[in-house]
Each structure stands twice: as C-alpha cells, then as structure tokens.
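# Close look at the chain arrangement
The residues making up each chain are set out below.
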Amino acid sequence: LTYTQKYTKSNTSLTHLEFDHCSIAGAFNTISMALPHNTSLLSLCLDECSLSDQHMPSLAQAIQLNTTLESISLRRNEVHQSGAKSLFSTMHDNVGLHSIDVAGNPLGFEGRQRICEGLKDGVARLRYLGGLVLRDHRGTLELPADSQFSKLDEGASNEEILKILRSRWP
C-alpha cells in the first residue's frame, strides 16, 4: 500500500481505484492520506474492506478535501451510527461527490437517521445513495406534505427524493 499511496498521490491519470474484498483496515491511513492530493480519481470502491467507525473520520476528511471524487462505495463494511455521522457530517463541503453506497453496513436506525440529518443539512448534491430507503425517513428530512412531496407516499425512489432535496439547497 505504500506504493499505492505514492501512485495515488501523484498520478494524474488514475480515475478508478478498487480495493473491494481486501482487508485494508490496518493500512487504511495510506489511502486516506493520499486521497486529498489526488486530482484525477473519480471513483473509489472500498467494498468489504473491514472498515469500521474508526476509519470514517479520516475518510470523511479526505473526501472533504478531494474535489474530483464523484463516487464512493463502502458496501458491506462495519460502519455503524458513529461512522455514518462522521462520514455524512462533513460532506456538505464536497461539491463533486454524487454517489455514495453504504449498503450492507450495520447502520441501524440511528445510523440511517444520521445519514438523513447529513442530507438535511445540505449534502443534497448526491444523485445516488445506496443502503437505505429515504422515504422511510421523511420526518428526519423535514419534507413537507405539499404536492411537490406527494410522490413520497407513492413509493418515490432515493434518486427522486435526492432531486427534491437538491432543489431545496442549490
């Protein structure tokens, strides 16, 4: 991973980086230190990498500083409520991130609530969010019951709800 850090930090043609099914938790700092400096990476896949809540603050900070990353997948890790809070509390500053997938993590109800609170606070640039059903968190998102939001009762997709939220926070 030391080579990966050097390569990721200085490479300007690397657009997709995939570490899925790798137990990189012990060497995660290598990636989180390189990510803020990379100016070409568009997608990062960290599925099933044994990442936990303790990794999310440094990942959140790295994502916040990276202006080119558009997509991150964290499927099937060990992210709970505190990790979800860390991850989504700083993302409102990242204008490039459009897709986050946290499916298969033991977020629990509180973790899903934390994600929705992050969305409510302006992380609404997202176009895709995997891992929870936003219409089940209508109250947390503070969506009014007017005609614009009536689709929520009809089974609106996350993408439709995110579009509605983006219209609230330009």
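Please refer to the structure higher up on the page.
What counts, and where the lines are drawn
- Residues numbered from 1 in each chain as written.
- Predicted model: local features only at pLDDT ≥ 70, side-chain atom pairs only at ≥ 80, totals over all residues.
- Heavy atoms only, no water.
- Buried < 20%, exposed > 50% of the residue type's maximum accessible area, 1.4 Å probe, protein only.
- Helix = DSSP H or I, 4+ residues; strand = E, 2+ residues; numbered from the N terminus.
- Arc of directions from axis to C-beta.
- Contact = heavy atoms within 4.5 Å.

## Section: helix 6 (residues 158–168)
All of the buried residues along helix 6 are N158, I161, L162, I164 and L165. Angular distribution of buried residues about the axis of helix 6 spans 160 degrees; they occupy a single face of the element. Contact partners of the buried residues in helix 6: helix 5 (108–120) and strand 5 (128–130).

## Examining the environment of V102
Here V102 shows up in the loop between strand 4 (99–101) and helix 5. Among the residues examined, V102 registers a relative accessible area of 3% and is labelled buried. Note: C-alpha distance between V102 and I72 (30 residues apart in sequence) is 8.9 Å. Sequence-distant contacts of V102, defined by excluding residues within four places in its chain, comprise L74, L87, L107, I115, G130 and G131.

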